[in-house]
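A structural walkthrough
Letter by letter, the chains look like this.
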Amino acid sequence: MSDPRTVVASDLDRTLVYSAAALGLTVPDAAAPRLLCVEVYEGRPLSYLTEIAAGLLDALARAAVFVPTTTRTREQYHRIRLPCPPPEFAICANGGHLLVDGVSDPAWQARVAGLLADACAPLAEARKRLTADADPAWLLKERVAEDLFVYAVVDRALLPQSWLDDLADWAAGRGWSVSLQGRKVYAVPRPLTKSAALAEVVRRTGAGLTLAAGDSLLDADLLTAADRAWRPGHGELADAGWTAPGVTALSTAGVLAGEEILRAFLRAATE
């Protein structure tokens, strides 16, 4: 049985699970860790964690309330099959959906919708701005996620920093924020946060201790909201040298950082 007094909220992509391109393995092939595939997309393996990490995650989910916390849409989240008991709670769409036993909570949906309507420029305006000055040479596709935020898939090598800076300046004055994660540029309403959804989970469980981990700027509010948090040695936060009180900045990068984070979670949850 998990202990409801401890809630562990962790980002997924490039924190706990990794694509082949993000594994970051630097050891000889013969010394590489055994990997477990946890996501298949269009019939092909997509995301992995190490077998050791899989065992740690299973133990963690039995020792605490484990809450997958992701910017993924609900459909994208449900593709992942984590090697642990099914989480009672999950946070999707950067806090836009709070799943309870796999189903979006309608009361939380209504609360989020009200916040966004009061504080942010409309979604349609953000989508138009995202694509207005984009060059087809580096803008590969753009998407609306859950009718909550927008993102573009880009060619990083060709993406002008000036375009990204201009988009961030535009967003700042209209209640939105911009984040670059891998090949994706996200434009997300500022009130749409993982930390707000985590606070709701804490309220419902009565947790006395919160732990968190994440690698991107969209995770910063989650990490600062937790009692203790960890970030890997890669990603936006590491690149920016970002840290905060209570946040441990790991030097380990790639899929092995996932192992280290899970060890730290399990140690903190059971000490």
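For the structure, check the block above.
In this report, the structure presented in the accompanying data block is examined. (Residues numbered from 1 in each chain as written. Predicted model: local features only at pLDDT ≥ 70, side-chain atom pairs only at ≥ 80, totals over all residues. Heavy atoms only, no water.)

The biggest cluster of nonpolar side chains holds 54 residues, and the ones touching the most others in it are Val67, Phe149, Trp163, Trp176 and Val185. No other element matches the six residues that strand β10 (residues 149-154) contributes to this core. Each residue touching Trp163, except ones within four places of it in the same chain, is listed here: Leu130, Asp133, Ala134, Trp138 and Val185. The next biggest cluster of nonpolar side chains, apart from the first, holds 33 residues, and it includes Leu16, Cys92, Ala264 and Leu266. (Core = buried A, V, L, I, M, F, W, Y, C linked by side-chain atoms within 4.5 Å. Buried < 20%, exposed > 50% of the residue type's maximum accessible area, 1.4 Å probe, protein only. Helix = DSSP H or I, 4+ residues; strand = E, 2+ residues; numbered from the N terminus. Contact = heavy atoms within 4.5 Å.)

A few words now on the sheet that holds strand β4 (residues 44-50). Read from one edge of the open sheet, three strands run β2-β4-β3, paired in antiparallel fashion. Of all strands in the sheet, those bounded by a partner on one side alone are β2 (18-19) and β3 (35-41). Along the sheet face, helix α9 (residues 255-270) touches β2, β3 and β4 and points at about 45° away from the line of β4. (Pairing = 2+ DSSP bridges. Axes fitted to C-alpha atoms, helices over the stretch in contact; angles between N-to-C directions.)

Before going further, it helps to spend a moment on the sheet that holds strand β9 (residues 139-145). Spatially, β9-β10-β12-β11 is the arrangement adopted by the four strands of the open sheet, whose pairing is antiparallel. Looking at which strands have only one partner, the edges of the open sheet turn out to be β9 and β11 (176-181). Across the sheet, the axes of successive neighbouring strands diverge by a mean angle of 15°, strand direction being ignored. Two elements, β9 and β10, share six bridges in a ladder whose sense is antiparallel. By the bridge assignment, Lys141 is partnered in β10 with Val153. In the packing of helix α5 (residues 161-172) onto the sheet, the strands contacted are β11 and β12 (184-189), and the crossing angle to β11 comes to about 150°.

The contact between helix α1 (residues 51-63) and α9 brings their axes to 9 Å, and the two run at 25°. By the angle between their axes, α1 is roughly parallel relative to α9. Considering the relative orientation of α1 and α9, their crossing is left-handed. On the side of α1, the interface is formed by Ile52, Ala53, Leu56, Leu57, Ala59, Leu60 and Ala63, while α9 contributes Glu259, Leu262, Arg263, Phe265, Leu266, Ala269 and Thr270. (Parallel < 35°, antiparallel > 145°, perpendicular 65-115°, else oblique. Left-handed = near helix turned anticlockwise from the far one by under 90°.)

None of the figures reported here should be taken as evidence of function without further support.
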